[in-house]
Amino acid sequence: MKRTKLVTKSGLAIALATGLAVGLSAPCRADDTAKVYADNCASCHGPQGKGDGPAAAALTPPPGSFAQSIAGKSDDWIFKGIKEGGPGVGKAPSMPPYAGTLSDDQIKAMVAYVKQLQK
Ligand code: HEC
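Residues numbered from 1 in each chain as written. Predicted model: local features only at pLDDT ≥ 70, side-chain atom pairs only at ≥ 80, totals over all residues. Heavy atoms only, no water.

(A) Representation of the environment of valine 89 in the model. Within the secondary structure, valine 89 sits in the loop between α5 (75-84) and α6 (104-117). Distance from valine 89 to phenylalanine 79, taken between C-alpha atoms, is 9.6 Å for residues ten residues apart in sequence. Contact partners of valine 89, with chain neighbours within four places excluded, come to Trp77, Lys80 and Gly81. (Helix = DSSP H or I, 4+ residues; strand = E, 2+ residues; numbered from the N terminus. Contact = heavy atoms within 4.5 Å.)

(B) The arrangement of the site of the ligand in detail. Not every one of the 22 residues close to the ligand is listed here, only the nearest: Cys41, Cys44, His45, Ser69 and Met95. Residue lysine 91 places a side-chain N or O atom 2.7 Å away from an oxygen atom belonging to the ligand. Within the backbone of alanine 92, a nitrogen or oxygen atom sits 2.7 Å from an oxygen atom of the ligand. More than half of the atoms of the ligand fall within 2 Å of the grid points belonging to the largest pocket. Taken together, the elements giving at least two residues each to the shell around the ligand come down to α3 (42-45), α4 (66-69) and α5. Examining the composition of the shell around the ligand, we find that three residues originate from one element, α5, more than from any other. Its residues assigned to classes, the shell around the ligand comprises 17 nonpolar, four polar and one charged. (Near = heavy atom within 4 Å. Polar contact = N/O pair within 3.5 Å; in protein donor to acceptor, adjacent residues only side chain to side chain. 1 Å grid on protein atoms, 1.4 Å probe; cavity = no way out; pocket = protein on both sides within 12 Å on 5 of 7 lines; lining within 4 Å. Sits in = over half its atoms within 2 Å of the grid points. Nonpolar A, V, L, I, M, F, W, Y, C, P; charged D, E, K, R; others polar.)

(C) A look at the coordination of the iron atom of the ligand. Each protein donor to the iron atom of the ligand is listed here as His45 (NE2) and Met95 (SD); together their distances run 1.9 to 2.0 Å. Geometry at the iron atom of the ligand is octahedral, judged from the six donor atoms that bind it and their angles of 87 to 179° at the metal. On the criterion of sequence distance, the pair formed by histidine 45 in helix α3 and methionine 95 in the loop between α5 and α6 is long-range, its members being 50 residues apart. Judged by its relative accessible area of 14%, histidine 45 is buried. Of the residues examined, methionine 95 reaches a relative accessible area of 23% and is grouped as partly exposed. (Donors = N, O, S within 2.8 Å, 3.2 Å for Na, K, Ca; no water. Tetrahedral: all angles 85-135°; square planar, octahedral: opposite > 155°, others 65-115°. Buried < 20%, exposed > 50% of the residue type's maximum accessible area, 1.4 Å probe, protein only.)

(D) Quick look at the pattern of salt bridges. Within the structure shown, the criterion is met by three salt bridges. A salt bridge links lysine 115 to aspartate 75; the nearest nitrogen and oxygen atoms lie 2.5 Å apart. One end of the pair, lysine 115, is in helix α6; the other, aspartate 75, is in helix α5, and 40 residues separate them in sequence. According to the relative accessible area criterion, lysine 115 is partly exposed, its value standing at 29%. The class of aspartate 75 is partly exposed, set by a relative accessible area of 39%. (Salt bridge = Lys/Arg side-chain N within 4 Å of Asp/Glu carboxyl O.)

(E) Representation of the layout of surface pockets in the model. Reported here for the largest pocket is a volume of approximately 540 Å³. Forming the walls of the largest pocket are 28 residues, and the residues nearest its centre are His45, Pro63, Phe66, Lys91 and Met95. Counting only elements with at least two residues in the lining of the largest pocket, the list comes to α3, α4, α5 and α6. A total of four residues in the lining of the largest pocket trace back to one element, the largest contributor, which is α5. (Points joined across faces, edges and corners; volume = space filled by probe spheres on them.)

(F) Seen up close, the confidence of the model for the chain. Mean pLDDT for the chain: 84, with 75% of residues reaching 70 or above. Here residues 19-30 is modelled with pLDDT under 50, and outside its nearest four sequence neighbours on either side it reaches two contacts, counting other chains as well. (pLDDT = per-residue confidence, 0-100.)

So this is what it looks like as structure tokens:
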């Protein structure tokens, strides 16, 4: 009797832990820009913008950490880099253009998003 109770309890704990892990790894629906970043940018730039996404190592040059790469850059510069891709701001084409993928408003929100990733 006692044993059954224990098993049930740990089963519940596992179910709860799994649910929590799934909930945490799913992109936050409340913040669209975070989801756009996770879907479009994190593969190269990494979840925190440190340049450590899974695709980063295969790129020449690889992305740097936003903490250094956008330090002192204007919003317009960052906007252009995202919209036109690396060559738009004198960087490598390994940074793709998002003009056809994201609207100007989405790119504007992304500028603010990558700036707060610097911290
Ligand atoms: C295919 C990989 C890849 C993807 C996807 C990608 N980037 Fe980049 N990005 C790069 C690389 C590589 C550079 C640096 C190029 C260089 O140093 O010449 C870069 C540069 C940048 C820069 C200029 C500052 C810097 O770090 O050098 C910004 C801003 C930027 N990316 C934002 C974004 C945003 C926002 C997204 C998603 C909407 C995104 N990138 C998607 C690879 C990528």
